[in-house]
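# Survey of secondary and tertiary structure
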Amino acid sequence: MAGFEPGSLPDLLPLYYRRLFPYGPYGRWLSYGGVVKNYFQRREFSFTLRDDIYVRYQSFNSPQELEKEMQKMNPYKIDVGAVYSHRPSQRNTVHMGAFQAQEKELVFDIDMTDYDDVRRCCSSAEICSKCWTLMTIAIRVIDRALVEDFGVKHRLWVYSGRRGVHCWVCDDSVRKWSSAMRAATVEYFTLVKGGSETVKKVNLTDPIHPFISNSLSLVEPYFEEYALVGQDILGSSESWEKVVALVPESVRESLLREFPKKRDSVQRWELLKKKVEKCKPSHAESEIMLQYCFPRLDINVSRGVSHLLKSPFSVHPKTGRVSVPIDLRKLDQFDPFAVPTISCLCSELDTAHEEEDGEKENEAEPEPKRRTRDYKKTSLAPYVRVFEQFVEEMDKSRKGELLKKSDLQGDF
């Protein structure tokens, strides 16, 4: 894969926005079938331009107008905001207090830096295949709960382009949720509590809520490979002391005495499980698994209706990677390092065009061909397909709802 140089971004973005950005499905997504009058026109977009120039409260008459503006401005980053009571670009013509955020997708932002106290392989903005498992677990846990506990249908999971994932919940009813409902949902999803000073961040009590037991059944299959082998959380006295601090006091001393006799983290974990099993009632085993693996959400991103979030198919200015949708059917295979960079896509496009030019020269009488979308000639194609399927699913669901409504009204 072609390496990415941040300095090359200004040269590559015009080609990306002109030839590769999937404007068709993108416009269909944010128009939501055009059912609500002026819905797209009242949506806020913000652009981050070169030299960190930040332009908020932009709005457009149509997806086509947005496309033209993106091609003109070549933003380093695009953020999507709320749907307001009035067009954001005309907010200064409205009485103060009348301009209000009315709707937005419920969004979740999961960032690897929030796990720095429980990962040993990397820290801050760095990620590797070992700690990426935390994002896989987070998606599994949150997505199951959205579908089974909240009855949500339309979720778009997107790689941020660097060190995390975003989720866009797009159901019609959810987009209308108040800040209080959004905050309550994040609270429902929050088990790991306390800052860097807090030693024990997960405290379970009986009876265990079904959300917690369901989440544990998703965390458990990853725990040995991720925490015991990958992070080696019981590999040295320095790291096992942190784990032992989370078990009942009555067994701490014997664990610290017997741990050095065991070969590795896996054996030490087996010993720990046996010891804490005798300390009824104790949920220490589950609490440790959750403290080391459970999703950690940024509450402020989810709570605010007017909060902006980076758009799918934005290019990350530091890594050059495109913010691509994640196919949940292949979640365990998703590799953030295999996500195409803008430099890789532009060189794939050049190669495709050279091959096409060569074919044209060999043809005596070229047949007029319908021009394929340029992203289809690159490694962005499978990710756009995931996005298209998501939009098609929403369209289908919307048509079904409309049919149901007309059937209920009947023929009087």
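Cut-off values and rules
- Residues numbered from 1 in each chain as written.
- Predicted model: local features only at pLDDT ≥ 70, side-chain atom pairs only at ≥ 80, totals over all residues.
- Heavy atoms only, no water.
- UniProt positions renumbered as here; feature names shortened; annotations may be inferred.
- Axes fitted to C-alpha atoms, helices over the stretch in contact; angles between N-to-C directions.
- Helix = DSSP H or I, 4+ residues; strand = E, 2+ residues; numbered from the N terminus.
- Parallel < 35°, antiparallel > 145°, perpendicular 65-115°, else oblique.
- Contact = heavy atoms within 4.5 Å.
- Buried < 20%, exposed > 50% of the residue type's maximum accessible area, 1.4 Å probe, protein only.
- Pairing = 2+ DSSP bridges.
- Domains from an automatic or database assignment.
- Buried area = accessible area lost by both parts, 1.4 Å probe.
- Salt bridge = Lys/Arg side-chain N within 4 Å of Asp/Glu carboxyl O.
- Polar contact = N/O pair within 3.5 Å; in protein donor to acceptor, adjacent residues only side chain to side chain.
- Nonpolar A, V, L, I, M, F, W, Y, C, P; charged D, E, K, R; others polar.
- Phe/Tyr/Trp six-rings, centres within 6.5 Å; stacked < 30°, edge-to-face > 60°.
- 1 Å grid on protein atoms, 1.4 Å probe; cavity = no way out; pocket = protein on both sides within 12 Å on 5 of 7 lines; lining within 4 Å.
- Points joined across faces, edges and corners; volume = space filled by probe spheres on them.
- Core = buried A, V, L, I, M, F, W, Y, C linked by side-chain atoms within 4.5 Å.

The name given to the protein in an unreviewed UniProt entry is DNA primase, with Platysternon megacephalum as the source organism. Taken from UniProt, the Catalytic activity (unreviewed entry) comment for the protein reads in full: "ssDNA + n NTP = ssDNA/pppN(pN)n-1 hybrid + (n-1) diphosphate." Under the UniProt heading Sequence similarities (unreviewed entry), the note attached to the protein is "Belongs to the eukaryotic-type primase small subunit family."

Right, let's get into the packing of helix 7 (residues 210–230) against helix 11 (residues 284–293). Packed helix pairs are characterised by how far apart their axes lie and by the angle those axes make with each other. Interaxial distance between helix 7 and helix 11 falls to 9 Å at its minimum, and their mutual angle equals 75 degrees. By the angle between their axes, helix 7 is roughly perpendicular relative to helix 11. Contacts between helix 7 and helix 11 pair I212, L216, V219, E220, F223 and Y226 from the former with S286, M289, L290, Y292 and C293 from the latter.

Okay, unusual backbone geometry next. Cis peptide bonds are those with omega within 30 degrees of zero, and the linkage from D206 to P207 qualifies with -10 degrees. Mapped onto the elements of the fold, P207 is located in the loop between helix 6 (179–188) and helix 7. Even without glycine at this site, D51 takes up a positive phi of about 60 degrees. In this fold, D51 is placed in the loop between strand 1 (43–49) and strand 2 (53–58).

A large share of strand 1 lies buried, amounting to 7 of its 7 residues. Because side chains alternate across strand 1, one face comprises the buried residues R43, F45, F47 and L49, and the other comprises E44, S46 and T48, equally buried. Where strand 1 meets strand 3 (residues 77–84), 5 bridges bridge the pair, whose relative direction is antiparallel. Pairing of F45 across the sheet is with V80, part of strand 3. In this sheet, strand 2 lies alongside strand 1 in antiparallel orientation, the contact comprising 4 bridges. Its bridge partner being in strand 2, T48 is matched across the sheet by Y54. The hairpin turn running from strand 1 into strand 2, its antiparallel successor, is 3 residues long, and D51 in that turn takes a positive phi close to 60 degrees.

Right, let's talk about the domain arrangement of the protein for a bit. Here the protein is described as being made up of domain 1 (6–188 + 298–358 + 374–405) and domain 2 (195–293). Of note, the centres of domain 1 and domain 2, computed from C-alpha atoms alone, are 36 Å apart. Contact with domain 1, which involves 18 residues of that partner, is made by 18 residues of domain 2. Roughly 1700 Å² is buried in total at the junction of domain 1 and domain 2, and carbon and sulfur atoms are behind 60% of that figure. Broken down residue by residue, the surface that domain 1 buries against domain 2 is led by V118, R120 and I137, which jointly contribute 35%. The interface formed by domain 1 and domain 2 includes 1 salt bridge. On inspection of domain 1 and its partner domain 2, the count reaches 6 residue pairs in polar contact (both at pLDDT 80 or more). At 10 residues, the largest contribution of residues to the side of domain 1 that touches domain 2 is made by helix 4 (residues 129–148). Partitioning the side of domain 1 that touches domain 2 into residue classes produces 8 nonpolar, 2 polar and 8 charged.

Between two aromatic rings, the relevant description is the distance of the centres plus the angle of the planes. Tallying each qualifying case throughout the model produces 30 aromatic pairs. On the basis of an interplanar angle of 70 degrees and a centroid distance of 5.9 Å, the ring pair of Y26 and W29 is categorised as edge-to-face. With Y26 and W29 both in helix 2 (residues 23–31) and 3 residues apart, the pair spans about one turn of that helix. Note on Y26: relative accessible area 2%, which makes it buried.

Here we take up the layout of surface pockets. Of the voids in this model, the largest pocket is the one considered here, and its volume is about 480 Å³. Lining the largest pocket are 23 residues, with D171, D172, S173, R398 and E401 sitting closest to its centre. Those elements that place two or more of their residues in the lining of the largest pocket are helix 5 (172–175) and helix 14 (381–409). At 6 residues, the largest contribution of residues to the lining of the largest pocket is made by helix 14. Tallied by class, residues from the lining of the largest pocket come to 11 nonpolar, 4 polar and 8 charged.

Bringing the nonpolar core into the picture now. Generally speaking, nonpolar side chains in soluble globular proteins are found buried as a group. Judged by nonpolar contacts, the single largest core of 119 residues is most densely connected at Y16, Y26, W29 and F108. With residues near it in sequence (within four places) discarded, Y26 still touches F21, F45, L66, I78, V80, S311, P312 and F387.

Below, the discussion takes up the pattern of salt bridges. Tallied over the entire structure, the rule returns 29 salt bridges. For R119, the salt bridge identified is with D116, shortest N-O distance 2.8 Å. For R119, a relative accessible area of 4% gives the class buried. Given a relative accessible area of 30%, D116 falls into the partly exposed group. What emerges from the salt-bridge pattern is a single network uniting E103, D172, R175 and K176.

With 6 of 6 residues buried, strand 5 (residues 106–111) is to be regarded as a mostly interior element. The alternating pattern of strand 5 places L106, F108 and I110 on one face and V107, D109 and D111 on the opposite face, and all of these are buried. Sheet analysis places strand 5 next to strand 7 (residues 164–169), joined by 6 bridges and oriented antiparallel. Bridge pairing in strand 7 links F108 to C167.

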